[in-house]
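Chain by chain, the residues:
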Amino acid sequence: MATNNVKGTHDVIATEANAYSMVESVMKSLAELYGYNEVRSPVLEYTEVFSRGVGQSSDVVRKEMYTFDDKGGRSVTLRPEFTAGIMRLVIQNKLYATNELPLKLYYCGPVFRYERPQLGRYRQFNQFGIESIGHDSPYNDVEAIALAYSILQSLGLENVTIKINTLGDEETRNNYRTALRAYFEPHIDNMCEDCKSRFELNPLRILDCKVDEDRPIIDKAPKVSDFLSEASKARFDVVLESLDALGIPFEVDDALVRGLDYYSETVFEFHYQSLKGNNYGAIGAGGHYGKLMKDLGGPDYPGIGFSFGIERIISVLSDDDLLQNVESKLDFYVMPIGDESRQFALGVATILRSAGYKVDMCFDNIKMGNMFKRATNKRAKYAVIIGENEVKDNKVVLKDLEVQTQFEASIEELVDVVDDLFDQDECCCKKEGNEHHEGCCHNQEGEHHHGCCHNKKEGE
Ligand code: AMP
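Below or above, wherever it landed, is the structure these notes cover. The structure presented is a predicted model; accordingly, all values stated were derived computationally and were not measured.

What counts, and at which threshold
- Residues numbered from 1 in each chain as written.
- Predicted model: local features only at pLDDT ≥ 70, side-chain atom pairs only at ≥ 80, totals over all residues.
- Heavy atoms only, no water.
- Phe/Tyr/Trp six-rings, centres within 6.5 Å; stacked < 30°, edge-to-face > 60°.
- Helix = DSSP H or I, 4+ residues; strand = E, 2+ residues; numbered from the N terminus.
- Lys NZ or Arg CZ within 6 Å of the ring centre and 35° of its normal.
- Near = heavy atom within 4 Å.
- Polar contact = N/O pair within 3.5 Å; in protein donor to acceptor, adjacent residues only side chain to side chain.
- Areas by Shrake-Rupley, 256 points an atom, 1.4 Å probe, with all protein chains shown as cover.
- Nonpolar A, V, L, I, M, F, W, Y, C, P; charged D, E, K, R; others polar.
- Buried < 20%, exposed > 50% of the residue type's maximum accessible area, 1.4 Å probe, protein only.
- Lys, Arg positive; Asp, Glu negative; His and termini not counted.
- Salt bridge = Lys/Arg side-chain N within 4 Å of Asp/Glu carboxyl O.
- Contact = heavy atoms within 4.5 Å.

1. Some details on the packing of aromatic side chains
Applying the stated criterion across every chain, the model contains 17 aromatic pairs. Geometrically, the ring pair formed by F82 and Y107 is stacked, given 4.1 Å between the ring centres and 20° between the ring planes. Of this pair, F82 sits in the loop between β4 (75–78) and α4 (83–92) while Y107 sits in strand β5 (residues 103–112); the two residues are 25 residues apart in sequence, bridging distant segments of the chain. Centre to centre, the rings of Y357 and F422 are 4.8 Å apart; their planes meet at 50°, and the pair counts as tilted. Here F422 lies in helix α16 (residues 414–426) and Y357 lies in the loop between α13 (342–354) and β13 (359–361), a separation of 65 residues in the sequence. Within the aromatic cluster, the residues linked to one another by ring pairs are F268, F270, F306 and F308. If you follow K399 out to its NZ or CZ, it ends over the ring of F372, 4.9 Å from the centre.

2. Considerations on the site of the ligand
Around the ligand lies a shell of 15 residues, among which R113, E115, Y122, R258 and G284 are the nearest. Contact distances for the ligand include 3.2 Å between an oxygen atom and a backbone N or O atom of G284. Contact with the protein chains removes 93% of the 490 Å² of surface that the ligand exposes when unbound. Looking at the shell around the ligand, the elements with two or more residues in it are β6 (124–133), β10 (279–289) and β11 (303–309). When residues of the shell around the ligand are assigned to their parent elements, the largest contribution, four residues, is made by β10. Here the residues of the shell around the ligand are counted per class, giving five nonpolar, five polar and five charged.

3. Describing the side chain of E265
Inspection of the secondary structure assignment puts E265 in strand β9 (residues 263–273). No salt bridge is formed by the buried E265; the nearest opposite charge belongs to R235, separated by 4.6 Å. If sequence neighbours within four positions are ignored, E265 has contacts with N165, T166, L167, G168, D169, S232, R235 and H288.

The structure is reproduced here in structure tokens:
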């Protein structure tokens, strides 16, 4: 039997692969608009980066890491999240010393968690995220949330709910932990095994427990909002007022604690219900961290970050029918008739590709009808037909596969001719039902948009 993929991993094929590229490119270009620069950290880190960084009480470190000894006997781990590895990268390369703060970094790539595979939950999945390090302003938190929200909006996702909470500063969390211990003490013997160890390591984690029998006790536990220091309360108020001022909708959820130990102050999650009513839970999440960098041996700088789960985002885009325009299409399918035309045809394909068009070509000696079928299956806009005569006369026949008209173009004029064709196709005037004419976009009162004046400089 052929070997299958590893449980919890998935192959990304065809339209889905295009969807990944589209989503990642929207995320990257928006992060750059907000002043973030890309970093690529290794998939493999020493285990300590995560055990110290993410924290011993998190489920990720306790149960979900792919950890093994390498051949030199060092314990290494496939990253289960990005933030701790990015902090290691920043500390080791002293980026905080050579850059203005906050240091604004974005990342994208696979992460690995040994979780029970189910819908929307994989063992290898992809995250895109940002970290803004070295500034404690609450406005830094707001800017990060604004970036995440604008990414979701740019992708066309309308039904996002932002849940937000504060875990407060160290004083808040110390007081809150003491209160939680006192509250859970009489119940803990009857709670799940995980909760028992969370009680010892970090009682805050108990609030994340998913075991149904434990929920009634957990739901009545004290809330962090009752323990907030004045400073944390004031900080959180600034975050909420600024989100309001930016018109970003949110819900304060005082049960939100997040699964990773390093968070402090602002924490948030992006939840999604598709337009068809399906609930996808969290498609992204993040928060502020006060001591992570220091815990990893760096300077005492705070940070804020978030990450999106790309698989979940693609699922919701698909459910909301927002992936139609990522299907692969060709501009031209080049169809040489007979072996003698093939070299000439390859030259034609190269000319068109150099001019920026998406071109594929037929290498088989098959009937014209079958070549047309291939062109249609590949969703080509035009067929480029090249037979003996075309080679002799240094020309091609172009056929519009939608309206089925065909015409000739000499090789010298080919790029001008096809530029004109695409100019007309993309022209906003034509889309609006008017006649296309040279320079028509400029003469209209309507908005100039990208592509409407193909070949001209933007804004001309
Ligand atoms: P976290 O690092 O746990 O805060 O997760 C950030 C985002 O990654 C979540 O909101 C999900 O969208 C996504 N995510 C987390 N775990 C998985 C998983 N096992 N499979 C797919 N996506 C995940």
